Amino acid sequence: PFEVLIVGGGPAGAAASVYTARKGFSTGIAAERFGGQVLDTMGIENFISVPYTEGPKLAAQLEAHVGEYDIDVMNLQTATRLIPAAQKGGYHEVVMDNGASLKARTVILSTGARWRNLGVPGEQEYRNKGVAYCPHCDGPLYKGKRVAVIGGGNSGVEAAIDLAGIVGHVTLVEFDSKLRADEVLQRKLRSMANVDIIVSAQTTQISGDGTKVDGLLYKDRDTGAEKRVDLEGVFVQIGLVPNTEWLKDSGIALSKHGEIEVDNHAATNLNGVFAAGDCTTVPYKQIIIAMGDGSKAALSAFDYLIRNEKV
Ligand code: FAD
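From a predicted model like this one, the values you see are computed outputs, not experimental measurements.

Caption draft 1: Representation of the site of the ligand. Around the ligand there are 38 residues in total, and Gly8, Gly10, Gly36, Gly112 and Gly277 lie nearest to it. Looking at the shell around the ligand residue by residue, the class counts come to 18 nonpolar, 15 polar and five charged.

Caption draft 2: Representation of the sheet that holds strand β15 (residues 213-220). Pairing within the open sheet is antiparallel, and its three strands lie in the order β14-β15-β16. One side of each edge strand has no neighbouring strand; the edge strands of this open sheet are β14 (201-208) and β16 (226-230). Strand-to-strand twist across the sheet, computed as the mean angle between neighbouring axes with direction ignored, equals 25°. As paired strands, β15 and β16 are joined by five bridges and run antiparallel to one another. Each residue of the ladder has a partner; that of Leu217, found in β16, is Arg228.

Caption draft 3: How the structure looks around helix α1 (residues 11-22). Taking 1.5 Å per residue, twelve residues should reach 16 Å; α1 reaches 17 Å between its end C-alpha atoms and fits that length. Where burial is concerned, most of α1 is hidden: eleven out of the twelve residues are buried. The first or second residue beyond α1 is Gly24, which carries a positive phi of 85°.

Caption draft 4: Examining the sheet that holds strand β13 (residues 195-198) more closely. The five strands lie next to each other as β10-β17-β11-β12-β13, forming an open sheet whose pairing is parallel. On the outer flanks of this sheet lie β10 (131-132) and β13, each paired with one strand and no other. In the sheet, β10 pairs with strand β17 (residues 233-236) via two bridges, with the strands oriented parallel. Along β17, the bridge assignment pairs Val131 with Val234.

Caption draft 5: Fine view of the packing of α1 against helix α2 (residues 55-67). Running from N to C, α1 and α2 cross one another at 20°; their axes reach a closest spacing of 9 Å. Here α1 lies roughly parallel to α2, going by the angle between them. Viewed along their axes, α1 and α2 form a crossing whose handedness is left-handed. Note on element contacts: α2 touches α1 through Leu62, His65 and Val66, opposite Pro11, Ala14, Ser17 and Val18. Of the residues belonging to the contact of α1 with α2, the class tally is five nonpolar, two polar and no charged.

Caption draft 6: Here's a closer look at the environment of Ala12. Tracing the chain through its elements places Ala12 in helix α1. You can call Ala12 buried: it has 35 C-beta atoms within 10 Å. Beyond its immediate stretch of four places on either side in the chain, Ala12 contacts Ser110, Ala276, Gly277, Ala290, Met291, Asp293 and Gly294.

Caption draft 7: Local environment of the pairing of strand β12 (residues 169-173). Across the five residues of β12, four count as buried, placing the element largely inside the fold. Pairing of strand β11 (residues 146-150) with β12 involves five bridges; the strand directions are parallel. Considered in β12, the bridge of Val149 is made with Leu172. Note on the crossover from β11 through helix α4 (residues 154-164) to β12: the handedness is right-handed. With four bridges connecting them, β12 and β13 associate as parallel partners. Within β13, the residue paired with Val173 across the bridge is Ile198. Viewed along the sheet, the connection from β12 through helix α5 (residues 183-190) into β13 turns out right-handed.

Caption draft 8: Structural detail: the confidence of the model for the chain. Within the chain, residue pLDDT values average 97, and 100% of them lie at 70 or more. In the model output, the complex is listed with pTM 0.93 alongside ipTM 0.99.

About the criteria used
- Residues numbered from 1 in each chain as written.
- Predicted model: local features only at pLDDT ≥ 70, side-chain atom pairs only at ≥ 80, totals over all residues.
- Near = placed C-beta within 6 Å.
- Nonpolar A, V, L, I, M, F, W, Y, C, P; charged D, E, K, R; others polar.
- Pairing = 2+ DSSP bridges.
- Helix = DSSP H or I, 4+ residues; strand = E, 2+ residues; numbered from the N terminus.
- Axes fitted to C-alpha atoms, helices over the stretch in contact; angles between N-to-C directions.
- Expected span 1.5 Å × (residues − 1).
- Buried ≥ 20, exposed ≤ 12 C-beta atoms within 10 Å, placed from the backbone.
- Parallel < 35°, antiparallel > 145°, perpendicular 65-115°, else oblique.
- Left-handed = near helix turned anticlockwise from the far one by under 90°.
- Contact = placed C-beta atoms within 7 Å.
- Right-handed = clockwise from strand over helix to strand, strands pointing away.
- pLDDT = per-residue confidence, 0-100.

Have a look at this one:
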């Protein structure tokens, strides 16, 4: 059994493990894929104090830093169930897909999230070659160029407003006959000179020249006509899905979007269970934020362990 078990090995989980190991607590990390979303990222230019790095390099550095301490890293292990302790100070149980079960007095959940994909031809092929998901991360790469944002909810419209200030031209593409974003955001977007809004448009393909994106194809849902927009980048903004499906029957409080509800100490509604990073209700999903929150969750776990006797 561990004093601290971390589920998820992305930036949040790695940070949490270094903090609890440095407090002398026995610490384990179980991760489906150590490194998390960082492994799927190319250039990273907003990890403050590191002007430029690349995802696989940062993931290797996370692993090296964790490796400096006596942390039990269980990679390629998927958690399927959390059974919270029956009483404060007791052991929680995390059941893994291989049938094993891990016990710990505190659990830090850091299972991250995944961007919802469009699922159209070209999307996977041109990922990081014109297909992007994070305007804070990749917006500046499209300075002066033409991009589309797919999705007319709050995140899509916010992304379009953000990008319109950086890129040459933005086309917002929405499947429905109207945008769903807050009216104030829609007004702001409509006031921008370099933005076109297309509604009732079903994206059917992201086209490219073999090495990078050169356009977007959509079907006009009113007329059935196939249309094309020439551009250099496509930002997909149709939702970020937290990896929390496995927690549904644990009694943990989730938001309506499935994010783990945390307070400002990274505590969940379950005693001794903390959460950090993209799987939580903390706003803005970024590496530096996930690491900060992972550290915070670890210090809260420390505080819990020194105040609650083992039962
Ligand atoms: P994640 O990185 O998602 O890690 C989650 C971990 O949990 C993984 O190890 C995963 O395998 C594991 N896991 C999931 N489910 C289970 C389970 N049931 N059992 C066990 N383990 C599980 N942010 C920036 O700050 N700058 C950027 O430039 C940037 N670019 C990005 C580019 C792309 C293409 C993407 C996808 C994201 C980008 N981000 C960027 C966002 C950033 O990667 C995330 O905010 C960050 O990785 C979140 O860290 P996390 O630890 O919360 O979760």
